[in-house]
Amino acid sequence: MGGWNLSGDGDGISSPAPLPSLKYMVRNGSFRAMLTGGKSFVSSPPAFSSDGKRLLVCTGNTVSVFCTKTGIQITELKGHTTSVTSVIVVPSSTPASKVLCYCWTSSLDGTICYWDFSLPELVRKVDVHLPVFSMIIPNVLGIAVEGKKKQPNLFAFISVKDTTRPDVLNKALHGKILKCNLTKSSQAGGVLSETRHPEFITGSISGEYFGIRNKRKIHVWKINANGSKYDVKKIKLHHTKNLSVLAFHPTQRIIAAGDVTGRILIWRGFGNKSFSENGGPVNGKAVKIEEERAGVRGDDDAESCSTWHWHPAEVKVLFFSSDGAYLYSGGKEGVLVVWQLDTGNKKFLPRIGAPLLYFVDSPDPTLCSISCADNQIHLLKTSSMEILKSISGIKLPCSLPAINDGLRCGFFFDCAAGLVAIPTEAYSVQFYSLLEDREVSQVQICERNHQAPDDVTIVVTLLALSEDGLKLSTVDTKLSEEGIGGLVCLKFWDYGSRRGQFTLSTIIYEPHSDARISAIAFHPICDMVVSSSYSGDFKIWVRSVNMQQKDRESSKPGWRCHSVGSYKRKSMTAAAFSADGSVLAVAAETVITLWDPEQNVFVAVIGETTSCIETLSFVGKSEYLLAVSRGSKAQLSVWSMSKLSISWSYQLLAEAVTCSRDGSRFAVLVLLPESGRRMNRSEKTTIQVGDGVIVLFNVEDPVPVATWSVKKAKGGGISFLQADPSLIDENFSDEKSPSEMLVYLSGDHEYILFDPYSKEDSTISWNCRKSRAPLEETGNSGYAAIYAELPEIPSERHQIESAPYLPSEKPWETIFSGSSHVLPPLTKLCSVFLESLLEKLPTAQD
Amino acid sequence: MADERITTFPVKPKLKPNSKKLSSTPESKYWRSFKTQKISNQNNPITTFPITSIEFSPISPHYFAATFSASVTLYSSQTFDPISKISSFSDFAYSATFRSDGKLLAAGGESGIVQIFDIKTQEKKEIKSRSSIRKLKGHTRPVHVVRYPSFDKLHLFSGGDDALVKFWDVASETQVMEFHGHKDYVRSGCASPISSDMFATGSYDHTVNVWDSRVASRESVIKFDHGHPIEDVVFLPSGSLIATAGGNSVKIWDVISGGKLVCTMDSHVKTVTSICVGRGGSGNSNREEFESDKSRLLSVSLDGFMKVFDYSTLKVTHSMRFPLPLLSIAFSPDCSTRVIGTSNGVLYAGKRLKKSTVEDNKLDQWSFGSANEPQKRVLRPSNFRYFQRGQSEKPSEEDYVVKRSKKVKTAEHDKLLRKFRHKEALVSALNVKNPATVVAVMEELVARKKLLKCVENLDIKEFGVLLEFLHKYSTMPIYSGFLIALAKRVLQLRTEDVRSSDVLMGHARNLKRSIEEEIRIQQSLQEIHGIVSPLLRIAGRR
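These figures come from a predicted structure and were not determined experimentally.

Asker: Is there a simple way to explain the overall build of chain A in this structure?
Answerer: Along chain A, the regular secondary structure elements total 8 helices and 58 strands. Across the 846 residues that make up chain A, the buried fraction comes to 51%. Intrachain contacts of chain A at a sequence separation of at least 6 include 50% that bridge at least 24 residues.

See below:
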């Protein structure tokens, strides 16, 4: 069994059956996912609907439709089985057809789907059998023309990954550009190009050209529209640096490309020779052009090439405005630059706060959107360059290289409220509601502006929430520059005015002189926090009210150091309070020390593990303590507090542990070691590095209760959540609602909620999703849109007129009600109706 | 949401813990509200004489008389200007004191004669009336204490270095009584605030005697021993307590219970020279004020401290340091002025700004404005105010106020940091000379990993400024952790530049000196720590 070794007196875990996606959680052969979420919004560019009121965003296996006015999700297109890679909205040719909501999507599952996203409904499905990484449909309008009897064939160009070819020397060309007939669902023509990896296809708005970048070259194809069969011509443009992105001018033959060093190249008049109708100019002319061509490399087919350089790092975004006068560019530094194409003058939208990934403009000329690497989509007003609305998903894990093991920023679950707190790259903490699958708030931990993340020097390293979720404690670490100016800050936050809002209460600079803090934990009942440091001491902090000035207005309560403790000068690596708060357990490298937190009295020391303990956790209200040590001799051990001895232990690499609040169960997220691959060779699926298993234990019994296999467990986390019964659909009231749920947050911050105890396969549907579909905002139109609504002026004339009438019984309301065959004939009714009107007049005039 | 996103964070210095002492109680705020100004009033600045006594006139406008050299000077308590100077003394004058109606002033002197002056004529500065109106001759030695009884306008008592206390009838210039009981110089005295017949004197024989002019035996009614030569005696406003100053201590005695010691204040480190009673300010409706009816004992000492002692709670509530030995103190009856005299002729006069006076001024202005009303002209575009008219208009209740967005002030270094001009930002912060800001900018540069690059790029002059800064602040405890490491690195980086320039060498030498000094301090602190820690451990064991 190698390193995947389960010691202990149980019979061990039966080998888990790994499945391809997070979606499928295996529980003794069956799976049930209650709720999933935390999808990335920025895996591929979004698309606006043809009226500009909706934004279609690829979110994992689905396409989410957001309202651009409110920024709230309206609906979801479900049908693909793996990630959706592109979405193309069928534009409207006439104003009347603006209400039509059709779109094409492509996915890695090898299908291309045609949707009506207003309903939402899957209309057609085209299978191409190869994972589609990118797709453009040059003449997408073709299908929308309903008037013609015979529809022209609709073609799409797709970038696919073909893994059928054997991977020799790791040099096989997997990426292919294909042409696909969507009407007949068949491949049309041969392979246009082959690249090492599948590339992103960029098409021009006019539908004439499309291109890809390939290392230092750009491949541009022209689509000849005449004739039913597409004739495609190809040219290449060269550069000296690796290119990253390209864009086509909407009307002219201009192509812009960004490279990895931050330069923007603009080729004007590309393909004059190759793409011209009459096969190419006379020789003498060509020589003339040859002389004039400025900056064009080699014998590339372009008139001129100019270079703009502002971006300090790779250009990620290039986009021409719809009128072609401006070029938008952006990159890692998080600044959107607007270039005037003729002059090269710049305008900036700075401090967006994250690297930019995509820029998409809408049919509505005042609206465009930028997608940022921090899983946010900002909707911009084009004219004033201001952010109107932000659609934010769960923050993605920090993309920084692991500088130090100590700087691993974990997340923290608020079990009662169903929130997860995630440290972000922009020195803040995001509170994300797991049940509602949306951001609750962001708390800025360090007052610093966002910087391009090539040199991250300040990291939020630790965070902890109190049991009631009303107090937050964070640790941020500033790395020193050659030994100068390193700083550790411990901060305490109070609950603010809104949900998930926190205000700073106390800052403690260098709480353990210059040593790093290994753990912080809140006391479950009173205002007490323990912080342990690698320098060999732990401190207990209490919130103090100034006692001296009791009679006067009490000064702001701050946090103060209550006591300091240390054990043999060993570095303190983990700390935890027991459920009732009477015992504080602090791990001093390999031993566990127990303290009385109130009196700061050393109580006992227990056991010795093989390597440094990194996590300590009391199992609910039971008498057991869980210790996790990682490294080469990873160990999960359960200690009995009554016997002060080890109860049982496993030799496994636990990424995260969680203990149920009241019960005596706990769950461990176990990282599978490398050798797990060998073990599972017999089965068809292989385990990739970073996959893991969730194992549910009963604390008294080393035999696991249940196991689930999950993907991307590295950097993931699990937690028990207290189930809120109000969120469960009433239709399922007959079923016993689960008291606790387990949430698994993967390394990519996608999460899944499920009931770890239930045996049935039925899935409880959650009404929190359903209630989220909002009513679309009824926008004002015409006069009201410009001048706002008129106040209601009661017309006097009407009042005078109505004066003679007495309030009538309105008999027609009852006369006309009922089905038609019950009602008396209309001739009878009419006279009664008129009478009822007339009768009242004489009585009023009396 | 959009607004939140675009906000930028300026570079902020680290927060400092605000110590509980500084977060002042209303009382210490009150005592600090006396804006102290220094009056070095003597015409001849070369010979400076100690100011032996100060007393306020009991009636408004509360002039105060300061006695020094061979003269008594009257000052206005509003402007602190000298009003008049009585210099008809042949030798040193002592203990100028006002009568209860403030019309007469009496002073003793080195010559042993007590002289009475008329204030009114002194105010008018009539040359003729500079001389005294009465002279009481009887003491054979210098008279250091002269006091009027509280309500009695006809008598006064005096005490001299001949250890005698005499009770005089002023009008007839005759001695009514003579009290025996002291065995040394009588240097202080005070009349009882509740009785015209009772008064107390303190002597260098360590005793205080309370006398009653109605007792024919001429012996003291109460006598108590302070333990040190007594410098000052004061009846507290109730009349039942006496405060005495002598040696390093101030003691309070209960007169009614026959001279029982109530409490002792030992917070001075040198001889307490003078005490007086101060009260909380009246007429101010400020809520933060401590109650105006509470009286405190103010004491000054040769150690340069003025302390405010709350004798009801037995606590020193405020303490203030002056650079000179202090000899005398007086607190005006309207609680607006406090004057302290020093040993070399400097007066520290402190005055409180009163809100009532501001209101008075307002009233004045208003009446002034109304008088000028008819002259108000119609504004024309030629007038600058024409363009500002209506700007100060207050919105009425139903008006919707469109708020102007607040202009964000950005410091220059912030602007430069935003433009990534790191070196300029550092230089601009160094030129502002606020150490907290400089360190904050440096820390920001560290966060951008640009600090050492900046230091390398500084030219010689700017580098000199940096070295000067390091010399000044690298030993300050709040910055030292950061700056010492920086100083070391900076000197390593630019050794060549420092060697080549004399100015920089000078700065480096200064830096070295301050660090050596700091090392010495640290060593001696460690020694002290070594001494104290075993003691603490022993104390902890018990």
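Asker: Got a minute to help me understand the sheet that holds strand β46 (residues 591–596) of chain A in this structure?
Answerer: In sheet architecture, strand pairing relies on hydrogen bonds along the backbone and comes in two forms, parallel and antiparallel. Residues and elements named next belong to chain A. Taken in spatial order, the 4 strands of this open sheet run β44-β45-β46-β47, and their pairing is antiparallel. The sheet is open, and its two borders are formed by β44 (572–577) and β47 (601–606), each paired with just one other strand. Adjacent strand axes in the sheet meet at a mean angle of 25°, parallel and antiparallel pairs treated alike. With 5 bridges connecting them, β44 and strand β45 (residues 584–588) associate as antiparallel partners.

Asker: Which parts of the structure should I look at to understand unusual backbone geometry?
Answerer: Trans peptide bonds make up the majority, and among non-glycine residues the majority have a negative phi. Residues other than glycine seldom take positive phi values, yet A:Met385 does so here, at roughly 55°. Position of A:Met385 relative to the elements: it lies in the loop between β29 (376–381) and β30 (386–392). Its identity as a non-glycine residue notwithstanding, B:Ser95 has a phi of 55°, on the positive side. Tracing the sequence through the fold places B:Ser95 in strand β6 (residues 93–98). Residue class for B:Ser95 comes out buried when judged on its relative accessible area of 4%.

Asker: What am I meant to see in the pattern of salt bridges here?
Answerer: Side chains bearing opposite charge may pair, as long as their charged atoms lie close to each other. Per the stated rule, a full pass over the model turns up 22 salt bridges over all chains. Close ionic contact of A:Asp527 with A:Lys471 constitutes a salt bridge, the shortest N to O distance being 3.0 Å. With A:Asp527 in the loop between β40 (517–522) and β41 (528–533) and A:Lys471 in strand β36 (residues 471–478), the pair connects residues that are 56 residues apart, well separated along the chain. Given a relative accessible area of 11%, A:Lys471 falls into the buried group. B:Asp212 serves as the salt-bridge partner of B:Arg214, at 2.8 Å between the closest nitrogen and oxygen. A residue is classified by how much of its surface remains accessible, and B:Arg214, at 55% relative accessible area, is exposed. A relative accessible area of 9% places B:Asp212 in the buried class.

Asker: Looking at this structure, how should I read the packing of helix α9 (residues 460–473) of chain B against helix α10 (residues 477–493) of chain B?
Answerer: In a packed pair of helices, the relevant descriptors are the angle between the two axes and the axis-to-axis distance. Residue and element names in this part refer to chain B. Close contact between α9 and α10 brings their axes to 10 Å; oriented N to C, the two are set at 140°. Classified by the angle between their axes, α9 and α10 sit oblique to one another. Crossing geometry of α9 relative to α10 is assigned as left-handed. Contacts between α9 and α10 involve Phe-463, Leu-466, Leu-467, Phe-469, Leu-470 and Tyr-473 from the former and Tyr-479, Leu-483, Leu-486, Ala-487, Val-490 and Leu-491 from the latter.

Asker: Is there a simple way to think about the sheet that holds strand β28 (residues 347–351) of chain B in this case?
Answerer: Residue and element names in this part refer to chain B. Taken in spatial order, the 4 strands line up as β1-β28-β27-β26 in an open sheet, and their pairing is antiparallel. Of all the strands in the sheet, the pair left with one neighbour each is β1 (35–39) and β26 (326–331). The average undirected angle you get between the axes of adjacent strands in this sheet is 20°. Sheet topology note: the strand β27 (residues 337–342)/β28 ladder contains 5 bridges and is antiparallel. Within β28, the position partnered with Thr-337 by the bridge is Lys-351.

Asker: Even after reading the chapter, I still don't get helix α6 (residues 422–432) of chain B, so can you show me in this structure?
Answerer: An α-helix turns once per 3.6 residues; consequently, residues spaced three or four apart project the same way. Residues and elements named next belong to chain B. Among all positions in α6, only His-422, Ala-425, Leu-426, Val-427, Ser-428, Ala-429 and Leu-430 are buried. Turning to α6, the residues buried within the fold contact α5 (412–418), α7 (435–447), α8 (451–457) and α9. After α6 finishes, the residue Lys-433 shows a positive phi value of roughly 70°.

Asker: Help me understand a nonpolar patch on the surface in this model?
Answerer: A cluster of nonpolar side chains, contributed by B:Ile521, B:Leu525, B:Ile528, B:Ile531, B:Val532, B:Leu535, B:Leu536 and B:Ile538, occupies part of the molecular surface with about 730 Å² of accessible area. Assignment of secondary structure puts B:Ile531 in helix α12 (residues 502–541).

What counts and how
Residues numbered from 1 in each chain as written. Chains lettered and ligands numbered in written order. Predicted model: local features only at pLDDT ≥ 70, side-chain atom pairs only at ≥ 80, totals over all residues. Heavy atoms only, no water. Helix = DSSP H or I, 4+ residues; strand = E, 2+ residues; numbered from the N terminus. Buried < 20%, exposed > 50% of the residue type's maximum accessible area, 1.4 Å probe, protein only. Contact = heavy atoms within 4.5 Å. Pairing = 2+ DSSP bridges. Axes fitted to C-alpha atoms, helices over the stretch in contact; angles between N-to-C directions. Salt bridge = Lys/Arg side-chain N within 4 Å of Asp/Glu carboxyl O. Parallel < 35°, antiparallel > 145°, perpendicular 65-115°, else oblique. Left-handed = near helix turned anticlockwise from the far one by under 90°. Patch = residues over 30% accessible without salt bridge, like charges linked within 9 Å, V, L, I, M, F, W, Y side chains within 5 Å. Areas by Shrake-Rupley, 256 points an atom, 1.4 Å probe, with all protein chains shown as cover.

Read these as layout, nothing more, since geometry by itself doesn't imply function.
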